Amino acid sequence: MRDTHVFSDHHICCNHIDHYSSGAAPTQAAEVWNNTGVLSGNGLAADPLFRVAVNAAGLGIYLFDPQTGEVTWENDRIYDIFGRKREDGPLPVGEFLAHVVHPGDREAFQRSIEASRDSGAVFRAKCRIRRPGGEWRWIEIDGGQEQRLDGRPGRLLALVRDVTQQRTVEEVLRQAEQRLRDVLNALFCYVGVLSPAGVLEEANQAPLDAAGIEAAGVLGRPFAQTYWWSYSPEVQARLEQAIQQARMGQSCRYDEDVRMRNGRLATVDFMLAPLRDATGRIHKLVASAVDITQRKLTERALRESEALFRTAVESVPLGFMLYDGDRRLQYINQDRKSTRLNSSH
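So, here's what we can say about the structure.

Definitions and limits used
- Residue numbers here run from 1 along each chain, matching the order of that chain's written sequence.
- Predicted model: local features are reported for residues with pLDDT of at least 70 only, side-chain atom pairs are reported and counted for 80 or more only, and whole-chain, interface and lining totals are derived from all residues.
- In computing side-chain values, all of the structure's heavy atoms are included and hydrogens and water are not.
- A run of H or I in DSSP becomes a helix once it reaches four residues, and a run of E becomes a strand once it reaches two; helices and strands are each numbered from the N terminus.
- Buried, partly exposed and exposed residues are distinguished by accessible area as a fraction of the type maximum, computed with a 1.4 Å probe on protein chains only: under 20%, between the cut-offs, and over 50%, respectively.
- Any Lys or Arg side-chain nitrogen found within 4 Å of a carboxyl oxygen on Asp or Glu counts as a salt bridge.
- By this definition, two strands are paired if DSSP reports at least two bridges between them.
- Between N-to-C directions, angles cover 0 to 180 degrees, with each direction set by a line fitted to C-alpha atoms, over the stretch in contact for helices.
- Working rule for contacts: check all heavy atoms of both residues, and any pair within 4.5 Å makes them a contact.
- By construction, the arc corresponds to the directions joining the helix axis to the C-beta atoms.

### Details of unusual backbone geometry
Excluding glycine, most residues fall at negative phi; most peptide bonds, likewise, are trans. In this structure, N262 is a non-glycine residue whose phi angle is positive, near 60°. Secondary-structure assignment places N262 in the loop between β11 (252–259) and β12 (265–276). On the accessibility criterion, N262 (77% relative accessible area) is exposed.

Dropping the structure here:
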């Protein structure tokens, strides 16, 4: 006899085969095949290639029948994940939810189960589990709810993987990224990370505060179109050229006026450099800038002061010479030059 069931994302066929043991009444065994022919109706992973693949991937196989409450753990790996022995048997659902799933993950896990049951959608969940020794581990579960032709809720078939190491690495990377961000945000200079195409991906807090804008308004946009540069086509064109050069492996540095809070222009010492990965491929562009507005204003004031000084001294109808502390001549006006020239003849 052949019945057909459907798991989410899988077409399931059950071949019920009558078989006999000597003198005994016929019993039924169910062989369940999905489109790759790997699963049995009583939960056994019958296909040896499937077992090799699942075990090589470090996956545990879990089958739950909501009609009977029966839980079946199919391979040794799922016992390893939960830290149990074969003779202990699988965890009942009630015990799993009440004592094994982390309290902080329990509600979300339950919601995932209910959503899959009600809609027939693929079941996916991440949670922390407590092993018998008290150790907490992270697991991911992906599964599908069987949809029977008679409308009754079918079994939940799931693959379980231990992702503790992955989560640990992700957390280390997250902390390292946060430390780097904290360092960048503590700097007074402006720092941004661009894709090779020139799209702004990251920026420290200093340029955002200086311009009075939020990160959401500039991240993910072409750098040349962001608030700092978009006030002038000429300024944008110079930046686009710098991006093109950096994309080809050449660092660029020049002074530029950029727009800040309330439209004020600030002069920055701007630099754009390529960032290469381990293979030498340019995978990011790093932009940095230092506000040199005050320095430029000071330099201009000095130039103006020097020009005023020269004008004043040259207008004096007397010779004028300026010496430094080591009695070295620093300046002599035209009248004095003429006097010295005449005296030499």
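Still more to cover.
### A word on the pattern of salt bridges
A side chain with one charge may pair with a side chain of the opposite charge, provided their charged atoms come close. Evaluation of the coordinates by the stated rule reveals 15 salt bridges. Of the charged contacts in the structure, one is a salt bridge between R253 and D269, with a shortest N-O distance of 2.5 Å. Of this pair, R253 sits in strand β11 while D269 sits in strand β12, and the two are 16 residues apart along the sequence. The exposure class assigned to R253 is exposed, which follows from its relative accessible area of 60%. On the basis of relative accessibility, which here comes to 15%, the residue D269 falls in the buried class. Several salt bridges converge on common partners, so that one network encompasses R124, K126, E140, D142 and R161.

### Looking at the pairing of strand β9 (residues 190–194)
For β9, the buried fraction is high: 4 of the 5 residues fall into the buried class. By the bridge criterion, 5 bridges tie β9 to strand β13 (residues 282–291) in an arrangement that is antiparallel. Of the residues in β13, the one forming a bridge with V191 is S288. Sheet topology places β9 next to strand β10 (residues 200–203); 3 bridges connect them, and they run antiparallel. Bridge pairing in β10 places G192 opposite A203.

### Things to note about the sheet that holds β12
Picture the strands of a sheet paired through backbone hydrogen bonds; they go either parallel or antiparallel. Spatial ordering of the open sheet is given by β10-β9-β13-β12-β11, a layout of 5 strands whose pairing is antiparallel. Looking along the sheet, the strands with just one partner apiece sit at the ends: β10 and β11. The average undirected angle you get between the axes of adjacent strands in this sheet is 30°. Across 9 bridges, the pairing between β12 and β13 is antiparallel. Following the sheet pairing, L272 is matched in β13 by A287. Where helix α7 (residues 233–247) meets the sheet, it contacts β9, β11, β12 and β13, and its direction lies at approximately 150° from that of β11.

### Describing helix α3 (residues 93–100)
Listed in full, the buried residues belonging to α3 are F96, L97 and V100. For α3, the arc enclosing every buried residue in end-on projection is 120°, short of the 170-degree limit, so these residues lie on one face. The exposed residues of α3 that point more than 90 degrees off its buried face are G94 and H99.

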